[in-house]
Each structure stands twice: as structure tokens, then as C-alpha cells.
Amino acid sequence: TRPGRAASGTRGRLRDTPRVRLILYTGKGGVGKTTSAAATAAWAAETGRRTLVASADAAHSLGDVFGAEGALGGTPVSLAPNLDAVELDPRIELERHWRRIHGYLVSLLRHQGIEEIVADELALLPGAEEITTLLAVRRMAEAGDYDLVIVDCAPTGSALRLMTAPEVVRGALRWLLRIQRGIASVATPIARGLVAIPLPEAAVFREAEELLYRQLRDLRAWLVREETHVRLVATPERLATEEALRTHTDLALFELPCDAVVMNRLLPESASQEPFFRDWARSEAEHLAALREAVAPLPVLEAPLREDEVIGVEALAAHGRELFGDTAPDAILCHSPGLRFEATASGASVHVPLPHVSAADLDVLKLDGEIVLRTPGRRRALPLPRHFAALDLVRAKLDGGTLRLDLAPPTNDDTAAPS
């Protein structure tokens, strides 16, 4: 397959989309994810799509790639016709959405004798900065100014925290709201005079409930909708490709759809014929073939190693044109199978896509109305539909990258266990 063409999967052409298309780019540090995100945005803008590219990486390099050092901030800046860019500051967004919750937790920690600067850091709930970043992206996407929003995520570990944060933070907020129920009977003016620790105001819980029951629920739905996809970026090296495969597994575990892999910095065909580069080219071909086989049916987009850095809108658009060929940069490049529940004659079954995982590395447990899945790097509690929640887990089988869980009505045999 020539550079810039999809190696496999479903291809599409530019079309009008009724809702904003969202594409998130991530990969191991140093593989060129920022360049890939910016090139996609620049080429999409040139083809007429109103495009916003946002950096969610704390170590912003988006402005550097566009040759606009110091010009980008928390408000979208126009870089070319149809092309805006923004570098989000999670601290500013945190103040917008979490001011009361964060302020209360800081006061609670300060009461325990912790210094203010340290308390300010410790008071961040797990995933708070990631959530506020996503809320900012969603707010800009839904303003109606864009057809396509591209997010340049941090390297994979931080990016996965970003994309899975809605579920993680909901758990933390449930814990906070349980505190409310525990102190509701004493949180009166009299009780406040008797209780030593600071008690939260009602506004703290209103803010927590708003986040928990509306914004996080809507944010989760926004990330798993049909118009949202993650694209993984790798280079033809063992560590980078292994990282891409692990990330693909983690994305599947949380039902975050992936529609393509970008393989960056491949030797041009002319260089691969030179004696000095023959072994290098052979190694690259092996990594590329192995990745293509492992992620099928996802397409693998190929980008050649450049003589110089790709800097500026014009150079990025040219890079994007070569990367996508005649495929629209905002097209859905592959429809991956998703989580599926179905009723069976004996009860029910749950089908969970889990590529690149072995049975020995997977733990499965049914706990109340949830299935708890644990891989070497991640854990997820999967809520069951109400009419499946009372069933017992009788079998778990991993086959061809899909985990099948069979559920059946409870029996009196306490020794029964999943196989």
C-alpha cells in the first residue's frame, strides 16, 4: 500500500454531517500525534469543513506545529479560512465547573492543617482536570460554529484518563453525595456550631448533582456516539506499536470507538532501496504488517518520514492530503463492533469487544448489578440492563477478540461458577 492510502477497512468521502464530528488523536509520546491532528485539521479546513483543533495536552505544542508560538490560548484563534485552534487551560475550566466543590475540599484539607498550596492540589478529584477539558471542548463544539472538532490529546496514559474520566468522576461524585446524606440530619445552624470540621453548603451539592446527573451523563454519551472516534498514532517501532495495541484494548473496554491507526515516519520507497537502509526498511515492513493484521479491520494510514519538520498551515495541509489520499479526513473510516446485550433461551449474553487480550490477563466478576472487567492496565464496572441485573454469571469466554458473558437465572447450587 502506498503512503497516504488506507491499508484496510471502510473508506468514505466528504459528506454533510447533521452533528459535529469529533476525532481524538493519541499515541505514545514522540510519535507525531500533534502533527497528525494538525494535518487532519488543516486539510479538512482546505476541503471546506469548518474545523476546530484543540490541544488537551498540558505540554502544548499545537501552536509550535502551526508556527503560531504564543498566539494560542483558551479562546479559539483563526489560523486560516475554516480553521481555528485553541490550547485549553484545565485550571481555567476547573474554575468554571468545579469552583464550589473544589473550594469546599480545600477548606476541609486546610482544617486538617495542610498548607493551602498543597491542599489546592490534593483537592482535585480524580479526573477533574480531564473532565473540565472535555466540557470545554463540548461547549465549543456545540456552539454551532464547526463541522469538525479535532482534539490533540496527551500521550496515551493521560489521554485514556481524559476519555474515561466521565465514568471515574461519577464514582467520586457519588462518594461526595453520600457524605451529604450522612450529614443531612445534623447540617443545621446548631449542628454547625457543634461539628468541628467544615460542613458543605447546599450549593456544593447542587453543583455536584448537576455534574453527576446531567453533565457527566451527557459527556459520556457524547464520547460514545456515532460521530466520535479515536485515531491512534504510532511509528514502526516495537514499543510504539505495542503501546497502540494496548490503547486499542483499553478504548474497547470503555466502548470508545476507534476508526483508524496512523503509522508515521515510514521510509520513502526511494530510501528503502539504498543498501544502508535495507535492514531498516525490512524491520519497518514487519512492524507495519504485524500492526495491520492485529488491528484489522481498522485501516492503517501511512505517512512517510519527511526531510524536514512539518510546520505551518500550508505544509500541514499538504501532509494531510498525502495521509488521506482521496478519503475525506472527517470520514468514518471504520465501523468497529460495539458492546451488545441479547436475550437467550437460558437467560442473556453480553458481548464485549476486547482485542489483543489473552484470557490469562483478564479477570471477570459479577457484583450486584454490574460486571467488573479487569485487564492488566484498566478496570471497568459495566452496568447491566435492569432486567439482566438479577441473573448470575455462568460462563465467560474470550474468542477472536470478543468476550462473551453468559447469564442465567440464579440456582440453588452455591458451587456453580463461571468457566
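Given the structure is predicted, the values throughout are model-derived calculations rather than measurements.

A. Region of interest: the sheet that holds strand E4 (residues 83–87). Overall, mixed pairing links the eight strands, which are arranged E3-E4-E2-E5-E1-E6-E7-E8 in an open sheet. A strand with exactly one partner marks an edge of an open sheet, and here the two such strands are strand E3 (77–80) and strand E8 (300–304). Taken over all neighbouring pairs, the strand axes of this sheet differ in orientation by 25 degrees on average, direction set aside. In terms of strand pairing, E3 meets E4 through three bridges, oriented antiparallel. Across the sheet, residue Val 77 finds its bridge partner in E4, namely Ala 85. Of the strands in this sheet, strand E1 (21–27), strand E2 (51–55), E4, strand E5 (148–152), strand E6 (228–234) and strand E7 (258–266) are in contact with helix H1 (residues 33–46), which crosses E5 at around 165 degrees. The strands touched by helix H9 (residues 238–253) are E1, E6 and E7; relative to E6, the strand with the most contacts, the crossing angle is about 160 degrees.

B. The arrangement of the sheet that holds strand E10 (residues 347–353) in detail. Strand order in the open sheet formed by four strands is E9-E10-E15-E14, and the pairing between neighbours is antiparallel. Only two strands of the sheet have a single neighbouring strand rather than two, namely strand E9 (340–344) and strand E14 (392–399). The average undirected angle you get between the axes of adjacent strands in this sheet is 20 degrees. Two strands pair when backbone bridges link them, and E14 and strand E15 (residues 402–408) are joined in this way by seven bridges, in the antiparallel orientation. Bridge assignment links Leu 393 to a residue of E15, and that residue is Leu 407.

C. Quick look at helix H11 (residues 278–295). A rise of 1.5 Å per residue sets the reference length of H11, with its 18 residues, at 26 Å; its end C-alpha atoms lie 26 Å apart and thus fit the reference within 8%. Along H11, the residues classified as buried are Ala 281, Glu 284, Leu 288, Leu 291 and Val 295. Buried positions in H11, seen along its axis, are confined to an arc of 95 degrees and lie on one side of it. Residues of H11 that are exposed and point more than 90 degrees away from the buried face comprise Asp 279, Glu 286 and Glu 293.

D. Structural context of the side chain of Asn 264. Tracing the sequence through the fold places Asn 264 in strand E7. For Asn 264, a relative accessible area of 6% corresponds to the buried category. Within the structure, Asn 264 has its side chain in polar contact with the backbone oxygen of Val 31 (distance 3.0 Å). In this structure, Asn 264 is in contact with Val 31, Gly 32, Ser 36, Val 233, Ala 234, Thr 235, Pro 236, Ala 303 and His 319, ignoring residues within four places of it in sequence.

E. Structural detail: the packing of aromatic side chains. Counting across every chain of the model gives three aromatic pairs. Where Phe 276 meets Phe 277, the ring centres are 5.1 Å apart and the plane angle is 90 degrees; that geometry is what we call edge-to-face. Residue Phe 276 is classed as exposed on the basis of its relative accessible area of 71%. For Phe 277, a relative accessible area of 24% translates into the label partly exposed. Ring plane angle 50 degrees and centroid distance 5.4 Å describe the contact between Phe 277 and Trp 280, whose orientation is recorded as tilted. Pairwise contacts between aromatic rings join Phe 276, Phe 277 and Trp 280 into one cluster.

F. Here's a closer look at unusual backbone geometry. Between Ala 296 and Pro 297 the backbone carries a cis peptide bond, its omega angle lying at 15 degrees. In this fold, Pro 297 is placed in the loop between H11 and E8. Non-glycine residue Asp 368 carries a positive phi angle of around 55 degrees. With relative accessibility at 67%, the residue Asp 368 sits in the exposed group.

G. Region of the structure containing the nonpolar core. Counting residues in hydrophobic clusters, the biggest one holds 56 residues, and the most contacted among them are Leu 22, Val 137, Val 149 and Leu 407. The contact partners of Val 137, leaving out residues within four places of it in the chain, are Leu 22, Ala 54, Leu 88, Val 149, Val 151 and Trp 222. Trp 43, Leu 148, Leu 316 and Phe 324 belong to the second largest nonpolar core, which has 35 residues in total.

H. The pairing of E6, seen in detail. Counting buried positions along E6 gives seven out of seven residues, so the element sits mostly inside the fold. By the alternation rule, side chains of E6 split into Thr 228, Val 230, Leu 232 and Ala 234 and His 229, Arg 231 and Val 233, which are all buried. Bridge analysis of E1 against E6 gives six bridges, and the strand direction is parallel. What sits directly across from Leu 22, in E6, is Thr 228. Note: E6 against E7, five bridges, orientation parallel. Opposite Val 230, over in E7, you have Cys 258 as the bridge partner. Between the parallel elements E6 and E7, the chain passes through H9 in a crossover that is right-handed.

Criteria and thresholds
- Residues numbered from 1 in each chain as written.
- Predicted model: local features only at pLDDT ≥ 70, side-chain atom pairs only at ≥ 80, totals over all residues.
- Heavy atoms only, no water.
- Pairing = 2+ DSSP bridges.
- Helix = DSSP H or I, 4+ residues; strand = E, 2+ residues; numbered from the N terminus.
- Axes fitted to C-alpha atoms, helices over the stretch in contact; angles between N-to-C directions.
- Contact = heavy atoms within 4.5 Å.
- Expected span 1.5 Å × (residues − 1).
- Buried < 20%, exposed > 50% of the residue type's maximum accessible area, 1.4 Å probe, protein only.
- Arc of directions from axis to C-beta.
- Polar contact = N/O pair within 3.5 Å; in protein donor to acceptor, adjacent residues only side chain to side chain.
- Phe/Tyr/Trp six-rings, centres within 6.5 Å; stacked < 30°, edge-to-face > 60°.
- Core = buried A, V, L, I, M, F, W, Y, C linked by side-chain atoms within 4.5 Å.
- Right-handed = clockwise from strand over helix to strand, strands pointing away.

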